[in-house]
Amino acid sequence: MLQSNRPLWNMAPIVVNSFGRSGSTLVHRSICESIWPVRAGRSRAAAVIGREAWHLDEVRLRSGRVYKTHDYPIDWGLSRRRPPKTIYLFGDPRTATRSVVHMAEDRGSGWFAQHCRHLGVEYAPPSEVLSRDCLQIERHFHAWMAQKSLPTLFVRYDSLWESVDLISSFLGFPLELEPKAQRLGSRLLSPRSEAALDDIYSRFSEEVRRLPDVFEVNGR
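Read on for an overview of the structure. Note that the coordinates shown come from a computational prediction; the quantities given were computed from them, not determined experimentally.

Before going further, it helps to spend a moment on the side chain of Ser18. Within the fold, Ser18 resides in strand E1 (residues 14–18). Here the side chain of Ser18 touches Ser24 through a polar contact of 3.4 Å, side chain to side chain.

Encoded structure:
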């Protein structure tokens, strides 16, 4: 496992974000392991420096800590604190929504309710994700694209393992990713459900497809 040579207190806070089911958990855990390699394994590394920050404006982001969130951007312009470096994972919204459907089926409505809270949207029955963008993932993505106060590196999940050097350069230390595994969202739904996803996300999906695999917003 690789490790940064910089002491934790000299490192800017790191925020790992996405519109959900797009690799943020994997990247958050991998960053923790890369900064704090320990023989005890990933849970120990995450426990030492990993944090959750579902409401960014309510958390003091500390140097040397890695935060996972699905929150919307906050205005850092008037803050005297060092801005966090943000990694935003994205991908085809249909893949992410398929994963939500499978997770809700496997873990129940309680998991889905928590997912809604993390995304800051009102709870709706899980079936609603196949009739409208009830999780507002397009709005979430565009909010982070438009923000102007937090240096943010957007990384397409499907190119994540090919982009390690670019991510490492942005973070300022070598990142070692966990091995690639099959995504839950790669399991297709019924033909009717797949058609519903196309109806909801065809335009947004095409917009995402046209973007570079890795790009920076508000670089400093």
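Having put the structure on the table, let's press on.
This part covers the packing of helix H3 (residues 93–107) against helix H4 (residues 109–119). Two numbers describe how H3 lies on H4: the axes approach to 6 Å, and their chain directions differ by 135°. Regarding the angle of H3 to H4, the classification is oblique. Contact residues: Val100, Met103, Ala104 and Arg107 in H3; Ser109, Trp111, Phe112 and His115 in H4.

Attention now moves to the pattern of salt bridges. Inspection of every chain in the model, using the stated rule, returns 11 salt bridges. The partner of Asp92 in a salt bridge is Arg94, with the nearest N and O atoms 2.8 Å apart. Taking the relative accessible area as the measure of exposure, Arg94 reaches 22% and is therefore partly exposed. One network of salt bridges, in which partners are shared, links Asp92, Arg94 and Asp198.

This part covers the sheet that holds E1. Judged by pairing direction, the sheet is mixed, and its six strands sit side by side in the order E2-E3-E1-E4-E5-E6 without closing on themselves. Across the chains shown, the open sheet's two edge strands, defined by having one partner strand only, are strand E2 (50–52) and strand E6 (214–217). Between one strand axis and the next, the sheet turns by 25° as a mean value, whatever way the strands run. Relative to strand E3 (residues 66–69), E2 runs parallel, the two being bridged by three bridges. The residue of E3 that forms the bridge with Arg51 is Tyr67. Here helix H5 (residues 137–146) sits on the sheet and contacts E1, strand E4 (85–90), strand E5 (152–156) and E6; the angle it forms with E4, its principal contact strand, is near 145°.

Judged by nonpolar contacts, the single largest core of 36 residues is most densely connected at Phe19, Phe90, Phe112, Leu135, Phe141 and Phe154. Put simply, the parts of the chain that give this core at least two residues each are E4, H3, H4, H5, helix H7 (191–209) and E6. Of all the elements, H3 adds the most residues to this core, at five residues. Setting aside residues up to four positions removed in sequence, Phe90 forms contacts with Phe19, Ser22, Phe141, Phe154, Val155, Arg156, Tyr157, Val208, Leu211, Pro212, Asp213 and Phe215. Among the nonpolar cores identified, the runner-up in size contains 27 residues, and Val27, Ile35, Phe170 and Leu177 belong to it.

So, on to unusual backbone geometry. With phi around 55°, Arg21 is a residue other than glycine that occupies positive phi space. Looking at where Arg21 falls in the secondary structure, it is placed in the loop between E1 and helix H1 (24–35). What makes Arg21 partly exposed here is its relative accessible area of 28%. Backbone geometry places Gln136, a non-glycine residue, at a positive phi of 55°.

So, how was this worked out
Residues numbered from 1 in each chain as written. Predicted model: local features only at pLDDT ≥ 70, side-chain atom pairs only at ≥ 80, totals over all residues. Heavy atoms only, no water. Helix = DSSP H or I, 4+ residues; strand = E, 2+ residues; numbered from the N terminus. Polar contact = N/O pair within 3.5 Å; in protein donor to acceptor, adjacent residues only side chain to side chain. Axes fitted to C-alpha atoms, helices over the stretch in contact; angles between N-to-C directions. Parallel < 35°, antiparallel > 145°, perpendicular 65-115°, else oblique. Contact = heavy atoms within 4.5 Å. Salt bridge = Lys/Arg side-chain N within 4 Å of Asp/Glu carboxyl O. Buried < 20%, exposed > 50% of the residue type's maximum accessible area, 1.4 Å probe, protein only. Pairing = 2+ DSSP bridges. Core = buried A, V, L, I, M, F, W, Y, C linked by side-chain atoms within 4.5 Å.

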